Amino acid sequence: MIIRLVMLAELVAITAALAMPESLQSWVLASFVLATAALVVAIFPSSTSLGLSKLLRPGLVVVLVAPALWMALQAVPMPMGTFGNPIWATASAALNESLAEIVTVDTRATMVSLSQYCAVLAAALLTAVIALDRYRAAQVLHILLSIATIATAMWFGKETTGIAGPDGSTVAVLGVLLSWATAIRAVDQLRRHSRPGTIAPAPLPALFAAIIAMIVCLAALLSRANSTAVVSALLGSGILLSVFAIRRWFLGLWGTAGIFATAAIFSIASVTVIPFRTNTDLTIALSTSSQIATERMLQDVAPAGSGAGASAVLLPIYRDVGTGATRERPTAAAAIVIDMGWAFLCGLVIIAMLGACILVRRSLSRAHDYVYPALGAGATMALTMLAFADHGILGLGASLLVAALFGLAFAQSLPGAGRDAMSAEWKAPSERMAGPAPASPPKFASSLTAIWPRAALMLLGIALIMQAVWMVPPEWYLGGQSSLSTALSTIAPRPYGISKPVSVAAAREDLSLRGEVRSSLDSAPAADEQKTDSPAASKAFARALRSSPLRGDIWLLLAAASKHNLAQSSTAAMLKMSWYTAPNELDLLPLRLSVALATDAVLRDFEFRDLIKRDVLLVVTHQPIVSPVLAAAYRSASADGKVYLESLISELDPSYLDKIHARNSRQGSR
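Parameters at a glance
- Residues numbered from 1 in each chain as written.
- Predicted model: local features only at pLDDT ≥ 70, side-chain atom pairs only at ≥ 80, totals over all residues.
- Heavy atoms only, no water.
- Helix = DSSP H or I, 4+ residues; strand = E, 2+ residues; numbered from the N terminus.
- Buried < 20%, exposed > 50% of the residue type's maximum accessible area, 1.4 Å probe, protein only.
- Contact = heavy atoms within 4.5 Å.
- Areas by Shrake-Rupley, 256 points an atom, 1.4 Å probe, with all protein chains shown as cover.
- 1 Å grid on protein atoms, 1.4 Å probe; cavity = no way out; pocket = protein on both sides within 12 Å on 5 of 7 lines; lining within 4 Å.
- Points joined across faces, edges and corners; volume = space filled by probe spheres on them.
- Phe/Tyr/Trp six-rings, centres within 6.5 Å; stacked < 30°, edge-to-face > 60°.
- Lys NZ or Arg CZ within 6 Å of the ring centre and 35° of its normal.
- Salt bridge = Lys/Arg side-chain N within 4 Å of Asp/Glu carboxyl O.
- Core = buried A, V, L, I, M, F, W, Y, C linked by side-chain atoms within 4.5 Å.
- Expected span 1.5 Å × (residues − 1).
- Bend = angle between axes of the 7 residues up to and from the residue.
- Arc of directions from axis to C-beta.
- Axes fitted to C-alpha atoms, helices over the stretch in contact; angles between N-to-C directions.
- Parallel < 35°, antiparallel > 145°, perpendicular 65-115°, else oblique.
- Left-handed = near helix turned anticlockwise from the far one by under 90°.
- Nonpolar A, V, L, I, M, F, W, Y, C, P; charged D, E, K, R; others polar.

Asks: Please explain the overall build of the protein as it appears in this structure.
Replies: Helix and strand content of the protein: 32 helices and zero strands. Looking at the 670 residues of the protein, the share that counts as buried comes to 56%. Contacts in the protein between residues at least 24 apart in sequence constitute 79% of all its contacts with a sequence separation of at least 6. Within the structure as shown, the protein displays about 28,200 Å² of accessible surface, and the carbon and sulfur contribution to it stands at 67%.

Asks: Looking at this model, I keep getting lost on empty space enclosed by the protein. Mind explaining?
Replies: With a probe scaled to a water molecule rolled over the atoms, the places where space remains empty come into view. Within the structure shown, the criterion is met by seven cavities of 30 Å³ or more. Estimated volume of the second largest cavity: approximately 100 Å³. Every residue along the wall of the second largest cavity is listed here: Met-7, Glu-10, Leu-11, Ile-14, Thr-127, Ile-130, Val-140, Ile-143, Leu-144, Ile-147 and Ala-404. Elements with a contribution of two residues or more to the lining of the second largest cavity: helix H1 (2-19), helix H6 (107-130) and helix H7 (134-156).

Asks: Explain the packing of aromatic side chains here, please?
Replies: One pass over the full model with this rule turns up one aromatic pair. Measuring from ring centre to ring centre gives 5.7 Å for Trp-579 and Phe-608, while their planes differ by 55°; the resulting arrangement is tilted. Of this pair, Trp-579 sits in helix H25 (residues 568-581) while Phe-608 sits in helix H28 (residues 606-621), and the two are 29 residues apart along the sequence. Judged by its relative accessible area of 3%, Phe-608 is buried. Seen from the ring of Tyr-135, Arg-134 lies directly overhead, with NZ or CZ sitting 5.8 Å from the centre. The cationic tip of Arg-609 hangs over the ring face of Tyr-644; the distance from NZ or CZ to the ring centre is 4.4 Å.

Asks: What am I meant to see in the pattern of salt bridges here?
Replies: Pairs can form between side chains of opposite charge once their charged atoms are near each other. According to the stated counting rule, one finds six salt bridges in the structure shown. Here Glu-97 and Arg-546 are joined by a salt bridge, their closest N and O atoms 2.8 Å apart. On the criterion of sequence distance, the pair formed by Glu-97 in the loop between helix H5 (87-95) and H6 and Arg-546 in the loop between helix H23 (535-545) and helix H24 (552-562) is long-range, its members being 449 residues apart. Each of Arg-592, Arg-614 and Asp-615 takes part in salt bridges that share partners, so that together they form one network.

Asks: Is there a simple way to think about the nonpolar core in this case?
Replies: Side chains of nonpolar character tend, in soluble globular proteins, to be buried together. With 179 residues, the main nonpolar core has Leu-400 and Ile-612 as its most contacted residues. Among the elements that take part in this core, H6 stands out by supplying 16 residues, more than any other.

Asks: So what exactly am I meant to see when it comes to helix H4 (residues 58-74) here?
Replies: Helical geometry: 3.6 residues make up each α-helical turn, so side chains three or four residues apart lie on a common side. Taking 1.5 Å of rise per residue, 17 residues should cover 24 Å, and H4 covers 24 Å from first to last C-alpha, within 8% of that figure. At Val-65, H4 shows its maximal kink, close to 30°; a proline, Pro-67, follows between one and four residues later. For H4, every residue scored as buried is listed here: Pro-67, Ala-68, Met-71 and Gln-74. Against the buried residues of H4 lie H6, helix H14 (332-340) and helix H15 (342-365).

Asks: Hey, could you run me through the environment of Pro-203 in this one?
Replies: With respect to the element layout, Pro-203 can be found in the loop between helix H8 (168-193) and helix H9 (204-224). A sequence separation of 15 residues divides Pro-203 from Asp-188, and the C-alpha atoms of the two residues are 8.9 Å apart. What Pro-203 contacts, discounting residues up to four positions off in sequence, is Ala-186, Gln-189 and Leu-190.

Asks: I would appreciate a short explanation of the environment of Arg-136 in the present structure.
Replies: With respect to the element layout, Arg-136 can be found in helix H7. When its relative accessible area of 18% is taken as the criterion, Arg-136 is described as buried. As for Arg-136 and Leu-408, which are separated by 272 residues in sequence, their C-alpha atoms are 9.9 Å apart.

Asks: So what exactly am I meant to see when it comes to H5 here?
Replies: Within H5, the full set of buried residues consists of Ile-87, Trp-88, Ala-91, Ser-92, Ala-94 and Leu-95. An end-on view of H5 places all buried positions within 165° of arc, on one side of the element.

Asks: When you look at the packing of H15 against helix H16 (residues 371-387) in this model, what are you seeing that I'm missing?
Replies: Running from N to C, H15 and H16 point in directions that differ by 155°, and their axes come no closer than 7 Å. Relative to H16, H15 is oriented roughly antiparallel. In this structure, H15 crosses over H16, and the sense of that crossing is left-handed. Across from Ala-352, Met-353, Ala-356, Leu-359, Val-360 and Ser-363 in H15, the residues of H16 making contact are Pro-373, Ala-374, Gly-376, Ala-377, Thr-380, Met-381 and Thr-384. Here the residues of the contact of H15 with H16 sort into nine nonpolar, four polar and no charged.

Here it is as structure tokens:
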């Protein structure tokens with residue numbers, strides 16, 4: 001009964017992650033569900049503990065824990081002048097307070113990435129617990145195939161990114177591999193079923209379902225995915241079919257070598273059809289989408305990376321003006337390099353290749369159920385190639401599906417793990433009746449072996465719950481929802497005629513803070529209409545910047561909210577941080593120009609004059625989007641600010657100055 005509940009929980013978590021847009025709500029839901037399942041397995045005694053302890057070798061434990069430790073270390077204060085990112089020293093000077101230097105440029109984004117990794121790890125371990133039994137492993141295989149096929153079909157049937165979103169090609173590739181695994185298993189069952197005296201479940205329905213799923217996934221890949229996704233699916237399928245051919249017809253060393261040589265030649269020939277991008281970074285060489293900003297980020301990568309989740313935070317800084325956040329997503333390999341460093345990516349690729357070799361060897365050594373480790377090996381090769389082409393593998397839904405697949409593969413890779421786990425409870429009563437109890441050291445060792453996997457699952461479940469609770473209340477980041485709403489409401493009314501601007505949210509930034517900041521930016525103020533002090537807003541925004549110093553929108557809001565409480569030099573420093581951390585965001589132009597032109601300390605600085613001129617040029621060249629911005633900024637500017645703005649506009653577009661005067665005349669007559 002417990003195992004069935006755990007299977008249901010995993011099904012809910014993966015399905016919800018694929019069906020819902022990647023957001024705070026989907027992460028919290030997945031974390032809560034997987035944490036509950038992990039705690040249930042850890043608290044209630046189960047015969048699977050022995051099997052899981054046999055599966056989790058020390059080397060594998062180190063590999064699984066290392067990424068989480070590295071993410072945690074990125075958020076730990078570093079000694080001055082070491083691996084700490086210089087943005088913290090700059091933010092410290094702007095806020096006029098001491099901030100510790102750390103590796104990551106955004107502690108909140110790093111903690112969210114750590115939470116996602118813990119959820120992925122929990123999904124893999126829970127699937128391994130379930131799949132230790134061969135019959136439940138078959139059920140898990142069929143469930144994963146159903147999820148991948150339905151998600152791919154819905155992605156295939158939508159013109160825009162909906163279900164499965166940007167993870168669609170990754171899910172489709174996994175669907176192809178799961179279809180092959182199901183079909184191969186069904187063929188093996190048919191062979192065994194045809195022998196006299198053998199009893200096996202009817203495999204024909206599974207075979208037909210695998211064929212239908214394969215047609216759906218291949219159709220989606222051929223019509224909507226790029227050539228790299230198709231080749232990666234072929235590469236993974238080639239591994240599966242090679243293992244099947246070796247076991248079916250070509251047993252022995254030379255037969256194995258011949259099959260793998262043929263597969264290698266086929267793979268190399270397939271790779272030649274991929275359009276490689278020359279004169280660019282290796283991590284984006286297979287991408288067919290625009291990677292201009294990603295290439296710029298890669299040129300500035302630090303040896304220790306910029307922090308897990310930093311690629312989404314840095315993207316708005318490096319992309320060109322007017323470019324939407326969703327038009328470019330770094331490939332998974334590029335995001336890993338930006339977040340964790342080159343050494344981490346190289347180690348990850350090496351471990352992936354070693355893991356694929358181990359799974360192939362275990363698959364060839366198994367008498368039955370060899371298809372599961374072969375599926376893991378094929379998925380490893382396919383996903384490694386796919387990581388250099390798109391971002392999908394790092395999505396929440398796709399990563400949970402990948403985790404479940406590898407949990408299934410490793411659970412069935414050792415032939416004795418599941419049988420030992422299931423026989424532990426059966427042996428216990430007979431051993432008690434047979435004779436004296438064994439010596440205490442074996443008892444202690446056996447109990448320790450059975451307890452430590454449960455303890456690990458319990459710690460993982462508690463960590464997931466704590467992380468989910470940390471992400472639930474959005475007011476935690478800005479010091480309280482009521483105080484935040486009051487602070488934002490005091491900034492000022494919306495400029496006349498400004499329509500809702502395009503979103504500046506990066507792909508992974510649609511979390512708690514973004515909604516409140518966006519609502520305030522949609523009500524960008526006229527600075528001279530601001531008469532109310534807002535110390536609550538200043539404190540709230542300052543707290544947010546202590547964990548996210550690259551948020552140019554928050555720097556701007558802090559400058560606007562605190563300009564009546566701080567000296568003009570402090571307001572100027574915060575405006576400068578807004579310009580440097582969000583130079584190309586059209587959304588910020590209304591408020592930034594209003595505050596800058598109303599601050600005399602800014603107008604007297606030649607560097608600020610150049611920055612204001614750049615923003616005015618952006619407004620003039622993007623009139624259809626933000627044409628009323630200059631009129632509102634002119635109305636709220638100081639006397640010197642109006643003179644400077646008139647000189648700029650007359651230099652850039654004299655006719656535009658007449659429009660501003662006419663607009664202000666109409667507004668003044670109301």
